[in-house]
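# Coordinate analysis (summary)
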Amino acid sequence: MTDPQAEQTIRVETASLRTLVQYAGASGDFYEMHYDIPFAQARGHRELAVHGLLKTAWLGRLVEEWFAGRGAITVLDVSYRGMDFRDEPVTCGGRVTGRDGDRLALEVWTASADGTRTTIGTAEVELAEGPA
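As a starting point, this report considers the structure included with it. Note that this is a predicted model, so its numbers are computed, not measured.

Criteria and thresholds
- Counting starts from 1 at the beginning of each chain's written sequence and moves along it residue by residue.
- Reporting of local features is limited, given that this is a predicted model, to residues whose pLDDT is at least 70; pairs of side-chain atoms are given and counted only at 80 or more, and all residues count toward the totals for whole chains, interfaces and linings.
- Note that the side-chain values use all heavy atoms of the structure and ignore hydrogens as well as water.
- Each residue's exposure class comes from its accessible area (1.4 Å probe, protein chains only) as a fraction of the maximum for that residue type: buried when under 20%, exposed when over 50%, partly exposed otherwise.
- Secondary structure elements are defined from DSSP: runs of H or I of at least 4 residues count as helices, runs of E of at least 2 residues count as strands, and each element is numbered from the N terminus.
- Within this analysis, the arc is defined by the directions that extend from the helix axis to the C-beta atoms.
- We call two residues contacting when some pair of their heavy atoms lies within 4.5 Å.

Here the focus is helix α1 (residues 17-27). Since the α-helix packs 3.6 residues into each turn, any two residues three or four apart lie on the same face. Within α1, the full set of buried residues consists of Leu-20, Tyr-23 and Ala-24. The arc enclosing the buried residues of α1, seen along the axis, measures out at 105 degrees, which places them on a common side. The exposed residues of α1 that point more than 90 degrees off its buried face are Arg-18 and Ala-26. Buried residues belonging to α1 abut α3 (52-66).

The subject of this paragraph is the side chain of His-34. Locating His-34 in the fold gives a position in the loop between α1 and α2 (37-42). Discounting residues that sit within four places of it in the chain, His-34 has contacts with Leu-20, Asp-29, Leu-48, Ala-49, Val-50 and His-51.

By secondary structure assignment, the location of Arg-86 is in the loop between β2 (71-80) and β3 (89-100). With a relative accessible area of 14%, Arg-86 lands in the buried category. With residues up to four places along the chain from it excluded, the contact list for Arg-86 reads Ala-15, Ser-16, Leu-17, Leu-20, Ile-37, Glu-47, Leu-48 and Val-50.

The following block contains the structure:
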């Protein structure tokens, strides 16, 4: 196993119209900003917005897959700082910022295509017992 202090991971997600509609149905978040282009444009946006909680789910999946078999997420706390839009890549990232025994502290984020961090946050992972 590599040194967890040096670990970092990145994945890219892209929300299609289908993704946004499916997420709206699953979450019950039917705000028109996520599926009605004229509605979004009337409010000054060029495109449909990705749900904030969908970006949180992407970050949760990023951490879950990163530590699969090695640990479990115990904390995921994020703050939305900007919008991401349909059919544009959203980079999800995470890096280990500290360790206290079997607990790892992480920094997590999403970034738009131009590199602007649109969601920032922290997570904690409880490492599983057993051989490393």
